[in-house]
Amino acid sequence: MTVAVFGSINTDVNAYLDRLPKPGETLHGSGYKIGLGGKGANQAVAVRKLGSDVKFVCRIGPDIFGDTAINEIASYGVTTDLVLRDPNGSTGLALINVGADGENAISLIGGSNMTLDETDVARSKTALENAKILLLQMEVPFAASLAAARVAKAGGATVILDPAPAPKKPYPREVYDAVDVLTPNELETGSLVGWQPQNKEEGLKAAAELNAMGVKIAIVKLGAKGVCVRGLSWEGFIPPFKVTPIDTVAAGDSFNGGLAYALEQDMPLQQAVRFAAACGALSTTKKGAAAAAPLFSEVEKLLRA
């Protein structure tokens, strides 16, 4: 069994500054880094670095950014047989400003990510049907993601949706029927339920509201305040891990990659979410996106601390 990822791949240009610039302001940075990004690629690498086999369905363009992206994702051991090189497209690009406190502001150009459609579902049908876990995000057309979810679920997969970037309005019931686990942060939760949770109690309340909308397992991520969970097998709170963050770009994707790995390994929900939270926390102690995802040995060490 494998983890399948259907989603975006970008080349990221990270600029490091003392603080994020205000509108109209130009600031000198301390350095920059060019590397692999896109929520789909980040999650695929995060799962692979933990030890799972990964099938990644995506599109890139016939450009130097595509060369960079496909070479880097292959260097992590992610198979590239389902990466489609679109001759008429352009590789996704993210321009990321990172402040000294680890906070970030991102400008995203979707490129070929925005052309994924049901032909991509058809060409990856075998991988989707054989997957134990399917990871989805919101950086590719949602109709294609839902089609992929239906194929994977028909094959018995658990479907995890990271609703990022934040949806503009609540999802219709068909979305909740197609996915099993929803993992919004505070902002994304606010878009889905109409208000933004600020603490543990509010996070659990928001998770309950998502359950009422049809979410089987709602995992509300509160960043440095912890994680709230409501599912059929467990309801509760995972306290935050104590780390010193320098870059939060990879936190959400490392969390979801960790969750996919843990559920593939048949960890109980509480244990799986704690494992995922450790992955997200560790990623904030490194710079970059895919490169910041932790190894299994690093996660194991933090869990034992």
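Scroll up to find the structure this text is about.
Residues numbered from 1 in each chain as written. Predicted model: local features only at pLDDT ≥ 70, side-chain atom pairs only at ≥ 80, totals over all residues. Heavy atoms only, no water.

**Q** What am I meant to see in the overall build of the protein chain here?
**A** Secondary structure summary: the protein chain contains eleven helices and 13 strands in total. At 18 Å, the protein chain has a C-alpha radius of gyration in line with the 19 Å of a compact globule built from 305 residues. If you line up the protein chain on its principal axes, its C-alpha atoms span 45 × 45 × 40 Å. A total of 305 residues make up the protein chain; the buried ones form 53% of that total. Restricting to contacts in the protein chain with at least 6 residues of sequence separation, those with at least 24 account for 68%. Total accessible area on the protein chain stands at roughly 12,800 Å², and carbon and sulfur atoms take up 55% of it. Once the 29 positive and 32 negative side-chain charges of the protein chain are each reduced to a mean point, those two points are 4 Å apart. (Helix = DSSP H or I, 4+ residues; strand = E, 2+ residues; numbered from the N terminus. Rg over C-alpha atoms; globule rule 2.2 N^0.38 Å. Buried < 20%, exposed > 50% of the residue type's maximum accessible area, 1.4 Å probe, protein only. Contact = heavy atoms within 4.5 Å. Areas by Shrake-Rupley, 256 points an atom, 1.4 Å probe, with all protein chains shown as cover. Lys, Arg positive; Asp, Glu negative; His and termini not counted. Charge placed at Lys NZ, Arg CZ, Asp CG, Glu CD.)

**Q** Is there a simple way to explain the side chain of T11 in this structure?
**A** Within the element layout of this structure, T11 appears in strand 2 (residues 10-16). Judged by relative accessible area, T11 falls into the buried class, the value being 0%. Within the local environment of T11, its side chain forms a polar contact with the backbone oxygen of F65, the two atoms lying 2.9 Å apart. Sequence-distant contacts of T11, defined by excluding residues within four places in its chain, comprise I34, G35, F65, T68, A69, G92, L93 and A94. (Polar contact = N/O pair within 3.5 Å; in protein donor to acceptor, adjacent residues only side chain to side chain.)

**Q** Which parts of the structure should I look at to understand the packing of helix 9 (residues 251-264) against helix 10 (residues 269-283)?
**A** When two helices pack together, you describe them by how their axes are tilted relative to each other and by the distance separating the axes. Running from N to C, helix 9 and helix 10 cross one another at 150°; their axes reach a closest spacing of 7 Å. Judged by the twist between their axes, the crossing of helix 9 over helix 10 is right-handed. Two secondary-structure elements touch here, helix 9 through A251, S254, F255, G258, L259, Y261, A262 and L263 and helix 10 through A272, V273, F275, A276, A277, C279, G280 and S283. Residues belonging to the contact of helix 9 with helix 10 are distributed by class as follows: twelve nonpolar, four polar and no charged. (Axes fitted to C-alpha atoms, helices over the stretch in contact; angles between N-to-C directions. Left-handed = near helix turned anticlockwise from the far one by under 90°. Nonpolar A, V, L, I, M, F, W, Y, C, P; charged D, E, K, R; others polar.)

**Q** What's the story with the sheet that holds strand 12 (residues 227-230) in this structure? I'm lost.
**A** Pairing between the strands of a sheet is mediated by backbone hydrogen bonds and can be parallel or antiparallel. Pairing is mixed across the open sheet formed by nine strands, whose spatial order is 5-4-1-8-9-10-11-12-13. Edge positions in the open sheet fall to strand 5 (83-85) and strand 13 (235-238), since each of these has one partner strand only. Seen against the sheet, helix 9 touches strand 1 (2-6), strand 8 (131-136), strand 9 (158-161), strand 10 (181-182), strand 11 (217-221) and strand 12 and runs at an angle of roughly 165° to strand 8. (Pairing = 2+ DSSP bridges.)

**Q** What's the story with the nonpolar core in this structure? I'm lost.
**A** Buried together is how nonpolar side chains tend to be arranged in soluble globular proteins. With 48 residues, the main nonpolar core has I9, F56, I219, L259 and V273 as its most contacted residues. Top element by residues in this core is helix 10. It accounts for ten residues. Residues within four places of V273 in sequence aside, it is in contact with I219, V227, V229, I238, F255 and L259. In terms of nonpolar packing, the next biggest core, distinct from the first, is built from 39 residues, L116, A127, L128 and A144 among them. (Core = buried A, V, L, I, M, F, W, Y, C linked by side-chain atoms within 4.5 Å.)

**Q** Honestly, the pairing of strand 1 in this entry has me stumped. Any pointers?
**A** Side-chain positions along a regular strand alternate between the two faces of the sheet. Across the five residues of strand 1, five count as buried, placing the element largely inside the fold. Every second residue of strand 1 is oriented toward a common face, with T2, A4 and F6 on one face and V3 and V5 on the other, all of them buried. Across five bridges, strand 1 lies against strand 8 in parallel orientation. Looking across to strand 8, one finds that T2 is bridged to A131. Here strand 1 pairs with strand 4 (residues 54-60) via four bridges, running parallel.

**Q** Help me understand the pairing of strand 4, please; the structure alone is not making it clear to me.
**A** A large share of strand 4 lies buried, amounting to six of its seven residues. As paired strands, strand 4 and strand 5 are joined by three bridges and run parallel to one another. Counterpart to C58 in the pairing with strand 5 is V83. As for the winding sense of the linkage, the β-α-β connection from strand 4 through helix 2 (residues 64-75) to strand 5 is right-handed. (Right-handed = clockwise from strand over helix to strand, strands pointing away.)

**Q** Quick question: what am I supposed to make of the layout of surface pockets here?
**A** Where empty space is left can be seen by rolling a probe of water-molecule size over the atoms. If you add up the space inside the largest pocket, you get close to 1,300 Å³. When contributions to the lining of the largest pocket are tallied by element, the ones reaching two or more residues are strand 2, helix 1 (39-50), strand 6 (92-98), strand 7 (104-109), helix 7 (186-193), helix 9 and helix 10. Class assignment for the residues of the lining of the largest pocket results in 22 nonpolar, 13 polar and ten charged. (1 Å grid on protein atoms, 1.4 Å probe; cavity = no way out; pocket = protein on both sides within 12 Å on 5 of 7 lines; lining within 4 Å. Points joined across faces, edges and corners; volume = space filled by probe spheres on them.)

**Q** Help me understand the packing of aromatic side chains, please; the structure alone is not making it clear to me.
**A** Here the distance between the centres and the angle between the planes together describe a pair of aromatic rings. In total, this model carries five aromatic pairs according to the counting rule given. Here the aromatic residues F142, Y171 and Y176 are joined through ring pairs into a cluster of three or more. Its end group placed over the ring of W195, K205 keeps NZ or CZ at 5.3 Å from the ring centre. Sitting over the face of the ring of Y16, K287 holds its NZ or CZ atom 4.4 Å from the ring centroid. (Phe/Tyr/Trp six-rings, centres within 6.5 Å; stacked < 30°, edge-to-face > 60°. Lys NZ or Arg CZ within 6 Å of the ring centre and 35° of its normal.)

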